[in-house]
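# Structure assessment
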Amino acid sequence: MGSFAQDIVLPKPDMQQKAMSVVEALATRHSVREYDTRQLTTQEISNLCWAACGVTRDNDHRTAPSAMNRKEIRLFVFTAEGTYEYLAVENMLKQVAKGDNRQLVAANQAFAATAPVSLVMVMDFERFGGKNERSVMMACVDAGNVSENINIYCQAVGLCTVPRATMDTKGITTLLKLSDQQMPIMNNPVGFPKK
């Protein structure tokens, strides 16, 4: 992706990129825990973030369904250069931390730190008006929706990933300066298959 130290305006997602069919992606999808050293380009990251939970129409609808359209799943992108929040409407990455923080995503599973990009989903209960049993359940379902978009997209375009709940939740919460109404819930390390 190259070195940078600030917010990144992403190129528009490539709607014409070559990809296998959804049926083929479903039939061949599998979890991968080894990644090539090849880095993702800014275009590839734009396409990936859009597939996860990007804007599809009217700046109000997303690729992943969301309970009551609350869009409570915030997506963070961890790279060797920094950590960013994906802002779907603006199609940009807003820098929240400098440097390589992928070890927080890896926690006690070192393989995850070798992926060039890790996507972390954070539940934001403020968008539900508070944290209660029902909002937790709905946010967990919505995080699963985003993760599944990532899984199917990666398979379709030749990337690889694995959905995970393991991560240093406390360390990520501190790094992202999350409130007690915001909680990391899932992550997907993403890269190219190891050669």
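Rules used in this analysis
- Residues numbered from 1 in each chain as written.
- Predicted model: local features only at pLDDT ≥ 70, side-chain atom pairs only at ≥ 80, totals over all residues.
- Heavy atoms only, no water.
- Helix = DSSP H or I, 4+ residues; strand = E, 2+ residues; numbered from the N terminus.
- Rg over C-alpha atoms; globule rule 2.2 N^0.38 Å.
- Buried < 20%, exposed > 50% of the residue type's maximum accessible area, 1.4 Å probe, protein only.
- Contact = heavy atoms within 4.5 Å.
- Areas by Shrake-Rupley, 256 points an atom, 1.4 Å probe, with all protein chains shown as cover.
- Core = buried A, V, L, I, M, F, W, Y, C linked by side-chain atoms within 4.5 Å.
- Axes fitted to C-alpha atoms, helices over the stretch in contact; angles between N-to-C directions.
- Parallel < 35°, antiparallel > 145°, perpendicular 65-115°, else oblique.
- Left-handed = near helix turned anticlockwise from the far one by under 90°.
- Polar contact = N/O pair within 3.5 Å; in protein donor to acceptor, adjacent residues only side chain to side chain.
- Pairing = 2+ DSSP bridges.

A few words on the overall build of the protein chain. Regarding its fold elements, the protein chain presents five helices and nine strands. Helices and strands appear in the protein chain in the N-to-C order β-α-α-β-β-β-β-β-α-β-α-β-α-β. For the protein chain, whose C-alpha radius of gyration is 16 Å, the value lies close to the compact-globule estimate of 16 Å for 195 residues. For the protein chain, the spread of C-alpha atoms along the principal axes amounts to about 45 × 35 × 30 Å. Counting only residues that meet the buried cut, the protein chain has 49% of its 195 residues in that class. At a minimum sequence separation of 6, the contacts of the protein chain that also span at least 24 residues come to 74%. Taken as a whole, the protein chain presents about 9400 Å² of accessible surface, with 53% of it coming from carbon and sulfur.

The subject of this paragraph is the nonpolar core. Core analysis: the biggest nonpolar cluster contains 37 residues, and Leu48, Leu93 and Ile150 have the highest contact counts within it. Sorting the residues of this core by element identifies helix H2 (42-53), strand S4 (73-78), strand S5 (82-87), strand S7 (117-124), helix H4 (133-157) and strand S9 (182-191) as the ones contributing at least two each. With seven residues, H4 is the largest single contributor of residues to this core. Residues contacting Leu48, with those up to four places away along its chain left out, are Leu40, Val117, Leu119, Ile150, Tyr153, Cys154 and Val190. Core analysis: the next-biggest nonpolar cluster, separate from the first, contains 12 residues, Phe78, Leu104, Val120 and Ile172 among them.

Turning to the packing of H2 against H4, a few remarks are in order. Where H2 meets H4, the axes come as close as 7 Å, and the angle between the chain directions of the two elements is 135°. Overall, the two elements H2 and H4 adopt an arrangement that is oblique. In terms of crossing hand, the pair formed by H2 and H4 is right-handed. Taken together, the residues of H4 that come into contact with H2 (itself represented by Asn47, Leu48, Ala51, Ala52 and Cys53) are Val146, Asn149, Ile150, Tyr153 and Cys154.

Right, let's talk about unusual backbone geometry for a bit. Of note in the backbone geometry, Lys71 takes a positive phi value of approximately 50° without being a glycine. Mapped onto the fold, Lys71 is located in the loop between strand S3 (61-62) and S4. The class of Lys71 is buried, set by a relative accessible area of 17%.

The topology assignment puts Gln182 in strand S9. A distance of 3.4 Å separates the side chain of Gln182 from the side chain of Asp124, its partner in a polar contact. A distance of 2.8 Å separates the side chain of Gln182 from the backbone nitrogen of Ser179, its partner in a polar contact. The contact partners of Gln182, leaving out residues within four places of it in the chain, are Arg74, Val122, Met123, Asp124, Glu126 and Lys177.

Turning our eyes to something else, we now look at the pairing of S7. Residues in a regular strand project their side chains so that they alternate between the two faces of the sheet. Judged by how many residues are buried, S7 sits mostly within the fold: eight of eight residues are covered. Residues Val117, Leu119, Met121 and Met123 point to one face of S7 and Ser118, Val120, Val122 and Asp124 to the other, with burial holding for every one of them. Alignment of S4 against S7, held across six bridges, turns out to be antiparallel. When the bridges of S7 are listed, Leu75 appears paired with Met121. Inspection of the sheet shows S7 paired to S9 by eight bridges, in the antiparallel sense. Bridge pairing in S9 places Val122 opposite Pro184.

On to the sheet that holds strand S1 (residues 8-9). Spatially, S1-S6-S5-S4-S7-S9-S8 is the arrangement adopted by the seven strands of the open sheet, whose pairing is antiparallel. Each edge of the open sheet carries a strand with a single partner, namely S1 and strand S8 (160-161). Taken together, the two bridges between S8 and S9 define a ladder with antiparallel strand orientation. Bridging across to S9, Cys160 finds its partner in Gly191. The sheet contacts of H2 involve S1, S4, S5, strand S6 (92-98), S7 and S9, and relative to S4 the element is tilted by about 160°. Across the sheet, H4 touches S4, S7, S8 and S9, and the angle it forms with S9 is around 10°.

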